[in-house]
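Here is what each chain is made of, one letter per residue.
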Amino acid sequence: MRIAVYQIADAGDPDLNIAKAYDKIINTDADFFALPEFFTIPGGDNRRPYTLQSSLELTALPALEMFKKASTIFHGYIIGGSIVEREGDCYYNTCYVFKGGEQVAKYRKINLTHEEVALNLCRGNEPVKFETSFGTVGLMICADCISWDVVDAACAGSRLVFLPVSLTDPNHPPFTGHPVSDIIAKKYGSTVIKITRVGTFGGKILSSRSAITNPSGTIWEAPDAQEYFEVVEVP
């Protein structure tokens, strides 16, 4: 199977971020196309004071239209990183999956970060897996991977697990490799696809590496701190 991973660099403008993603999706031949968490929202040095409502209107709703349109051209599954979703009075950090112009699944992040809680995002409460011709696919978003309740619900029985993540906090302790992905892949026998993005903090380019990890270890890794795209053959 062929998995397209887009480690997208923040263009500083939601319309540009969405346009970049659309162009890459419709010109790619793969079975899955994966984007990072909050890929539409400018971050780091480009961050503007987006409210949850403005994030929904200016970044999320246009992204949903893009997913629907792009999925009528791209033949595989679009794993839409994450965008802001609203239901009633609640806003969620949500990963949408589209194929053939239709929504296949959506997952609301359960294990929110302190920053997301401070922004008044609501927690999801339902782990999500969906079936494909390639087997069961589980969805998580960023900090979900350090909640073992979420991990177990999303990964047990899943052949593939998509893990969109966002920009690394500059204060995050340094680490090498992909230790959490390694643990998950070995414990559940899954292939974990981690997708990050690239941004700028204080003039310093910052990202973590996108990677694909299976029970034998990391089988593919993107370069650090640069925009990168590749279609990876996964057994």
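Note: the structure precedes this text.
Since this is a predicted model, take the numbers as computed values, not measurements.

Remarks on the overall build of the protein
And then number 1: In terms of helices and strands, the protein carries 5 helices and 15 strands.
And then number 2: Dimensions of the protein along its principal axes, counting C-alpha atoms only, are 40 × 40 × 35 Å.
And then number 3: Within the span of the protein, comprising 235 residues, buried residues form 55% of the whole.
And then number 4: For the protein, the accessible area works out to roughly 10200 Å², and carbon and sulfur atoms hold 51% of it.
And then number 5: Positive and negative side-chain charges of the protein, numbering 21 and 28 respectively, have mean locations separated by a distance of 2 Å.

Side note on the state of the cysteines
And then number 1: If you walk through the whole model with that rule in mind, you get 1 disulfide.
And then number 2: Between the sulfur of C90 and that of C122 lies a disulfide, 2.3 Å long from S to S. On the sign convention where negative is left-handed, the bridge of C90 and C122, at about -80 degrees about the S-S bond, is left-handed. On the criterion of sequence distance, the pair formed by C90 in strand β5 (residues 90-99) and C122 in the loop between α3 (114-118) and β7 (128-132) is long-range, its members being 32 residues apart.

Regarding the sheet that holds strand β14 (residues 217-221)
And then number 1: Here 6 strands make up an open sheet; going across it, the order is β7-β8-β9-β10-β13-β14 and the pairing mixed. Sheet topology places β7 and β14 at the edges, where each strand pairs with a single neighbour. With direction set aside, neighbouring strand axes in the sheet form an average angle of 20 degrees.
And then number 2: Pairing of strand β13 (residues 211-214) with β14 involves 4 bridges; the strand directions are antiparallel.

Some remarks on the pattern of salt bridges
And then number 1: Across all of its chains, the model carries 8 salt bridges by this definition.
And then number 2: Among the salt bridges present, the one from E227 reaches K20, with a minimum N-O distance of 2.7 Å. Note that E227 is positioned in the loop between β14 and β15 (228-233) and K20 in helix α1 (residues 14-26), a separation of 207 residues in sequence.
And then number 3: On the basis of relative accessible area, K20 is assigned to the partly exposed category, the value being 25%.
And then number 4: Here R108 makes a salt bridge to E85, at a shortest N to O gap of 2.8 Å. In this pair, R108 sits in strand β6 (residues 102-108) while E85 sits in strand β4 (residues 83-87), placing the two residues 23 residues apart along the sequence. The same class applies to R108 as to E85, namely buried.
And then number 5: Via salt bridges that share partners, E85, E87, K106 and R108 belong to a single interconnected network.

Some words on the packing of α1 against helix α2 (residues 52-70)
And then number 1: Put simply, α1 and α2 touch, their axes get as near as 10 Å, and they point 15 degrees apart. By the angle between their axes, α1 is roughly parallel relative to α2. As α1 packs across α2, the resulting crossing turns out to be right-handed. Only L58, T59, P62, A63, M66, K69 and A70 of α2 make contact with α1, whose side of the interface consists of P14, D15, I18, A21, Y22, I25 and I26.
And then number 2: When its residues are assigned to classes, the contact of α1 with α2 shows 11 nonpolar, 1 polar and 2 charged.

Side note on helix α5 (residues 179-188)
And then number 1: Within α5, the full set of buried residues consists of S181, I184, A185 and Y188. Buried residues of α5, seen end-on, are gathered within an arc of 95 degrees and therefore sit on one face of the element. Along α5, the residues that are exposed and aim more than 90 degrees away from the buried face are K186 and K187.

Considerations on the pairing of β6
And then number 1: Sheet topology note: the β5/β6 ladder contains 6 bridges and is antiparallel. Note that in β6 the partner of V97 across the bridge is A105.
And then number 2: The turn joining β5 and β6, which pair antiparallel and follow one another in sequence, is formed by 2 residues; a positive phi near 60 degrees is taken by G100.

Notes on the environment of E227
And then number 1: Judged by relative accessible area, E227 falls into the partly exposed class, the value being 32%.
And then number 2: Considering only alpha carbons, one finds E227 and G199, 28 residues apart in sequence, at a separation of 9.3 Å.
And then number 3: A distance of 3.0 Å separates the side chain of E227 from the side chain of Y6, its partner in a polar contact.
And then number 4: Here K20 takes part through its side chain, which lies 2.7 Å from a polar atom of the side chain of E227.

Definitions and cut-offs
- Residues numbered from 1 in each chain as written.
- Predicted model: local features only at pLDDT ≥ 70, side-chain atom pairs only at ≥ 80, totals over all residues.
- Heavy atoms only, no water.
- Helix = DSSP H or I, 4+ residues; strand = E, 2+ residues; numbered from the N terminus.
- Buried < 20%, exposed > 50% of the residue type's maximum accessible area, 1.4 Å probe, protein only.
- Areas by Shrake-Rupley, 256 points an atom, 1.4 Å probe, with all protein chains shown as cover.
- Lys, Arg positive; Asp, Glu negative; His and termini not counted.
- Charge placed at Lys NZ, Arg CZ, Asp CG, Glu CD.
- Disulfide = S-S within 2.5 Å.
- Pairing = 2+ DSSP bridges.
- Axes fitted to C-alpha atoms, helices over the stretch in contact; angles between N-to-C directions.
- Salt bridge = Lys/Arg side-chain N within 4 Å of Asp/Glu carboxyl O.
- Parallel < 35°, antiparallel > 145°, perpendicular 65-115°, else oblique.
- Left-handed = near helix turned anticlockwise from the far one by under 90°.
- Contact = heavy atoms within 4.5 Å.
- Nonpolar A, V, L, I, M, F, W, Y, C, P; charged D, E, K, R; others polar.
- Arc of directions from axis to C-beta.
- Polar contact = N/O pair within 3.5 Å; in protein donor to acceptor, adjacent residues only side chain to side chain.

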